[in-house]
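Structure assessment
Given next are the chains, with one letter for each unit.
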Amino acid sequence: MNMSNQRRFYIDGEWVDPVEPGDLEVINPATEKPVATISLGSAADINLAVDAARRAFESYATTTPADRLDLLQNILTIYKRRYDEMAELISLELGAPISMSQRSQAACGTGHLEGFLAAFEKLELRQQLENGDTLIREPVGVCGLITPWNWPVNQIALKVLPALAVGCTSVLKPSELTPLSAILYAEILHEAGVPQGVFNLVNGEGPIAGAALSRHPDVNMMSFTGSTRAGVAVTRDAAETVKKVTLELGGKSPNILFADADVEKAVKRGVFGVFYNSGQSCNAPTRMLVERSIYQNVLQIAKKTGESQQIGDPAEPGRHIGPVVSELQFDRIQSLINAGVDEGATVLVGGPGKPNGFDTGYYVRPTIFYDVNNDMRIAREEIFGPVLSIIPFENEDEAISIANDTPYGLAAYLETGDDEKAERVAGKLRAGQVYINGTECAYGSPFGGYKTSGLGREGGLFGLEDFLEIKAVSRP
Ligand code: NDP
């Protein structure tokens, strides 16, 4: 990353100073020390970026799909060249361990690109309807993109790439906690030849820069990922000018372990699945629902597994987990761990406070609660830290009922050796993705939630369609 770009925004194909200076230090969560200084944008910066995107839309919307495919291919080439740099920045600003950042965080940038390239070839922009009319799909226009810090490039790729692919122009406001990966991403797009004004980047805070984007009359669509609270704020702000809004929000995903599962494997992947990325994943399997007949066995395996989780410096290679992203997140997680204790859940592993030997850095003790009741706060609220709640159930109906008894509906996991049961239960879970026996949905599959987990889908063909308007044309 070019250091001189840190305090600047990328608007109309150039790196420009903010209208009014407003410095913010980017903190390395492992050392609590600043690693960069960025600028916080205001409504004036957002206005400039939206104006550039609006001007660029006129010509970019008329480019051919083949032109845009070439552009995506160029981005892929340059992203691959700057891959290690991306992994290092994500590790620095988020605290993601470098091995994991290399293997997973940065890999989302290439994975989603390949997913969209494959989907784009299948997208029918013009179709003859059976009634004789023609259906035409057109880019929705100028898009406001707001992304969080937990999987920074994943979220940026899921929004910027489909917008570019279908002919939209955009303004990105990433989380100010992880702005460095976004700055590098903008440099990659510039180098790949994205035309002037087609993509713009303004750093800033949600309630100021984010709200200005959501309210802007020249923005046609908002695509947001983050907390349900902020998603509601974006929706309200966008309502006045009747924008299309897509939302990818929180989750409290159930992980149902039936007695006929491969119990040892199921518990291990369930526990490590919650601790991965220090628990900062919206689709983490945070409620483990366990059939009563295997409950004691599961607790034993969970204890051993939880205690084996290593914690370490994100700069060091290895399979450890790092800190959480900020002091604010650390405090939120601590207050929920304390709520679990106060409400009567039993600590199996971990608990409040910092792990031994980690006084500096926002490190959280990997924690497992058991005898959790689904009404407790630790079963209802998104904790966004390495905290697992184990809840027993008596039979299949009760498992489904507890699984669906949540305001969220992003993902659901189930573990069973019975294929028919897997099919039957998957069909009854109110969630946007269901993962059976440790499988993951591939790049290109739709990702998004039911209920308060969101609106719309990201990734692949469905993710492209969200950035399109539909026009019906009739002829005599
Ligand atoms: P937020 O939802 O506040 O942040 C996500 C993004 O939204 C950021 O870019 C943020 O900017 C922006 N934002 C915040 N408020 C507004 C607003 N009024 N208008 C427009 N944009 C806005 O998440 P937090 O960082 O506060 O984390 C809180 C909790 O949210 C976590 O504990 C977790 O439970 C959940 N979360 C869920 C995520 C998911 O992927 N589902 C991702 C991140 C968090 P800014 O950073 O300046 O506030």
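Since the structure is predicted, the reported quantities are computational estimates derived from the model, not experimental observations. (Residues numbered from 1 in each chain as written. Predicted model: local features only at pLDDT ≥ 70, side-chain atom pairs only at ≥ 80, totals over all residues. Heavy atoms only, no water.)

1. Here's the deal with the overall build of the protein
We apply this condition: Working definition: helices are DSSP H or I runs of at least four residues, strands are E runs of at least two. Numbering for both runs from the N terminus. Radius of gyration means the value over C-alpha atoms here, while the globule rule gives 2.2 Å times the residue count to the 0.38 power. Each accessible area is a Shrake-Rupley result for a 1.4 Å probe, and residues are judged covered by the shown protein chains and nothing else. By the counting rule applied here, Lys and Arg register as positive and Asp and Glu as negative, while His and the ends of each chain are not counted. Every charge is mapped onto a representative atom, which is NZ of Lys, CZ of Arg, CG of Asp or CD of Glu.
Looking only at helices and strands, the protein has 16 helices and 20 strands in total. Here the protein has a C-alpha radius of gyration of 23 Å; the compact-globule value for 476 residues is 23 Å, and the two agree. When the accessible surface of the protein is split by element, carbon and sulfur atoms take 49% of a total near 18,900 Å². Across the protein, the centroid of the 42 positively charged side chains sits 2 Å from that of the 61 negatively charged ones.

2. Describing helix α10 (residues 263-275)
Selection rule: To estimate the expected span of a helix, count its residues, drop one, and scale the result by 1.5 Å. Note on exposure labels: buried denotes an accessible area under 20% of the residue type's maximum, exposed denotes more than 50%, and partly exposed covers the range between, all computed with a 1.4 Å probe on protein chains only. Note that the arc is defined by the directions from the helix axis to the C-beta atoms. Note on contacts: a residue pair is in contact if any heavy atoms of the two residues lie within 4.5 Å.
Along its 13 residues, α10 runs 18 Å from first to last C-alpha, staying within 8% of the 18 Å computed at 1.5 Å per residue. When α10 is considered as a whole, its buried residues turn out to be Val263, Ala266, Val267, Gly270, Val271, Val274 and Phe275. Take α10 and look down its axis: the buried residues cluster within an arc of 160°, on one side only. Of the surrounding elements, those touching the buried residues of α10 are β12 (254-257), β13 (287-291), α11 (295-308), β15 (367-370), β16 (387-393) and β17 (411-415).

3. Section: the sheet that holds strand β6 (residues 134-139)
Put simply, the rule reads: DSSP calls a pair of strands paired once it identifies at least 2 bridges connecting them. The angle between two axes is taken between their N-to-C directions and runs from 0 to 180 degrees, where each axis is a line fitted to C-alpha atoms and a helix contributes only its stretch in contact.
Taken together, 3 strands build an open sheet; the order of strands is β5-β6-β20 and the sheet is antiparallel. Each having just a single partner strand, β5 (126-128) and β20 (468-473) make up the two edges of the open sheet. Each strand of the sheet is rotated relative to its neighbour by a mean of 20°, with strand direction disregarded. Two elements, β5 and β6, share 3 bridges in a ladder whose sense is antiparallel. Residue pairing across strands places Arg126 opposite Ile136, the latter belonging to β6.

4. Regarding the site of the ligand
How we decide: Residues are labelled near a given molecule or strand when at least one of their non-hydrogen atoms is within 4 Å of it. Here a polar contact is recorded for every N or O atom pair within 3.5 Å, except that within protein the pair must consist of a potential hydrogen donor and a potential acceptor, and residues adjacent in sequence are included only if both atoms are side-chain atoms. Polar here means any residue other than Ala, Val, Leu, Ile, Met, Phe, Trp, Tyr, Cys and Pro, which are nonpolar, and Asp, Glu, Lys and Arg, which are charged; Gly is therefore polar.
Every one of the 30 residues lining the ligand counts as a neighbour, but Trp149, Glu176, Gly206, Ser227 and Glu382 are closest to it. Taking Gly226, its main chain carries an N or O atom lying 3.3 Å from a nitrogen atom of the ligand. Here a nitrogen atom of the ligand sits 2.8 Å away from a polar atom, N or O, in the main chain of Leu249. Here the ligand, which alone exposes 850 Å², has 91% of that area covered by the protein. Among the secondary structure elements, those contributing two or more residues to the shell around the ligand are α8 (206-215), β10 (221-225), α9 (228-239) and α12 (327-342). The class makeup of the residues in the shell around the ligand is 13 nonpolar, 11 polar and 6 charged.

5. A word on the pairing of strand β11 (residues 244-248)
We apply this condition: With the strands pointing away from the viewer, any crossover whose connection runs clockwise from the first strand over the helix to the second is right-handed.
Taken across its 5 residues, β11 has 4 buried, putting it largely inside the fold. Bridging between β10 and β11 involves 5 bridges; their strand directions are parallel. Bridge pairing in β11 places Met221 opposite Lys244. In terms of handedness, the path from β10 via α9 over to β11 forms a crossover that is right-handed. Note that β11 and strand β19 (residues 454-455) share 2 bridges and pair antiparallel. If you follow Glu248 over to β19, its bridge partner there is Gly454.

6. Describing the nonpolar core
Heads up, the rule is: What makes a nonpolar core is a set of buried Ala, Val, Leu, Ile, Met, Phe, Trp, Tyr and Cys residues whose side-chain atoms join them at distances within 4.5 Å.
Ile75, Met86, Leu164, Tyr185, Phe199 and Leu201 are the most contacted members of the largest nonpolar core, which totals 74 residues. Ranked by the residues each element gives to this core, the list is headed by helix α6 (residues 152-166), at 10 residues. Phe199 has contacts with Tyr10, Val160, Ser170, Leu172, Ala186, Leu189 and Val194, leaving out every residue within four places of it along the chain. In this structure, Phe258, Ile337, Val364 and Val387 belong to the second largest nonpolar core, which totals 31 residues.

7. Looking at the pattern of salt bridges
Note the cut-off: When a carboxyl oxygen of Asp or Glu lies within 4 Å of a side-chain nitrogen of Lys or Arg, that pair is called a salt bridge.
Summed over the entire model, instances satisfying the criterion amount to 22 salt bridges. In this structure, Arg82 engages Glu85 in a salt bridge whose closest nitrogen and oxygen atoms are separated by 3.1 Å. Looking at Arg82, the relative accessible area reads 13%, which means it is buried. When salt bridges with common partners are traced through the structure, they connect Arg81, Arg82, Glu85, Glu187 and Glu191 into a single cluster.

8. Topic: unusual backbone geometry
If you check the backbone angles, Val242 has positive phi at about 45° while not being a glycine. Tracing the backbone through its elements, the reader meets Val242 in the loop between α9 and β11. Phi is positive for Ser278, which is not a glycine, with a value near 55°. Tracing the chain through its elements places Ser278 in the loop between α10 and β13.

9. Some details on the pairing of β6
Along β6, 5 of the 6 residues are buried, which leaves the element largely enclosed by surrounding structure. Here β5 folds back onto β6, and the loop between the two strands holds 5 residues, one of which, Gly132, carries a positive phi near 100°. Where β6 meets β20, 6 bridges bridge the pair, whose relative direction is antiparallel. Following the sheet pairing, Arg137 is matched in β20 by Ile470.

10. Notes on the sheet that holds strand β14 (residues 346-349)
Read from one edge of the open sheet, 7 strands run β14-β15-β16-β13-β12-β17-β18, paired in mixed fashion. Every interior strand has two partners, whereas the edge strands, β14 and β18 (433-436), have only one. On average, each strand axis in the sheet is tilted by 25° relative to the strand beside it, whichever way the strands run. Note: β17 against β18, 4 bridges, orientation parallel. When the sheet's bridge partners are listed, Tyr413 is paired in β18 with Tyr435.

11. Focus on the confidence of the model for the protein
Worth spelling out the cut-off: Summary of the metric used: pLDDT quantifies the predictor's per-residue confidence within the range 0 to 100.
Across the protein, the average pLDDT comes to 97, with 100% of residues at or above 70. Summarising per-element confidence for the protein, the mean pLDDT is lowest in helix α5 (residues 107-122) (94) and highest in strand β9 (residues 199-201) (99).

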